[in-house]
Amino acid sequence: FMPTMMIGSSLGGVAGVLFENIMGAEVEPATFALLGAASLLAGVQRSTVSLCVILVEGTGEVKVLIPVVITVVVAKYVGDLISREGLYEIVMEVKGY
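Computed from a predicted structure; not experimentally measured. (Residues numbered from 1 in each chain as written. Predicted model: local features only at pLDDT ≥ 70, side-chain atom pairs only at ≥ 80, totals over all residues. Heavy atoms only, no water.)

K.L.:
Before we move on, could you go through the packing of helix 2 (residues 29-45) against helix 3 (residues 49-59) and cite the residues and values that matter?
P.N.:
Where helix 2 meets helix 3, the axes come as close as 11 Å, and the angle between the chain directions of the two elements is 155°. On the basis of the axis angle, helix 2 is roughly antiparallel to helix 3. Handedness of the helix 2/helix 3 crossing: right-handed. Residues Leu 34, Ala 38, Leu 41 and Ala 42 of helix 2 touch helix 3, and the partners they reach there are Leu 51, Leu 55 and Thr 59. The residue makeup of the contact of helix 2 with helix 3, split by class, is six nonpolar, one polar and no charged. (Axes fitted to C-alpha atoms, helices over the stretch in contact; angles between N-to-C directions. Helix = DSSP H or I, 4+ residues; strand = E, 2+ residues; numbered from the N terminus. Parallel < 35°, antiparallel > 145°, perpendicular 65-115°, else oblique. Left-handed = near helix turned anticlockwise from the far one by under 90°. Contact = heavy atoms within 4.5 Å. Nonpolar A, V, L, I, M, F, W, Y, C, P; charged D, E, K, R; others polar.)

Put into C-alpha cells, the structure is as follows:
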C-alpha cells in the first residue's frame, strides 16, 4: 500500500511541478501528488469509494473530492481495460486462496 502511494504521489508531484513551470499556471503540486497517489492506488487495487474516503479524510481537504473521484474512476476504468482483476486478487489466485 505505502510503496504504491509513495510512487504515485512522487509521479503526481513531478507532474504538478512540470505543469506549473511549463504552463506558468498557479497550481499546487501537492494536489497533483494527491491525485497521482489516488490514480496509482485505484489502478492497482481497484477500490473506488473507500479510496476516495481515505484520501479525502486523510488530507482534510473536501475541495479535492471531485478531482479525486474523477481520477479514481478513470484509473479504475483504465486498469480494468488492462486486466479485469486487481493486484491483490491476482496474488490471492496465485497463492490458492
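K.L.:
Just give me the short version of helix 4 (residues 65-82), but keep the residues and values in it.
P.N.:
For helix 4, with 18 residues, the first-to-last C-alpha span of 26 Å sits near the 26 Å given by 1.5 Å per residue. Turning to helix 4, its buried residues are Val 68, Thr 71, Val 72, Ala 75, Gly 79 and Asp 80. The arc that holds the buried residues of helix 4, viewed along the axis, is 160°, so those residues lie on one side. For helix 4, the exposed residues lying more than 90 degrees away from the buried face are Ile 66, Ile 70, Tyr 77 and Leu 81. Elements in contact with the buried residues of helix 4: helix 2 and helix 3. (Expected span 1.5 Å × (residues − 1). Buried < 20%, exposed > 50% of the residue type's maximum accessible area, 1.4 Å probe, protein only. Arc of directions from axis to C-beta.)

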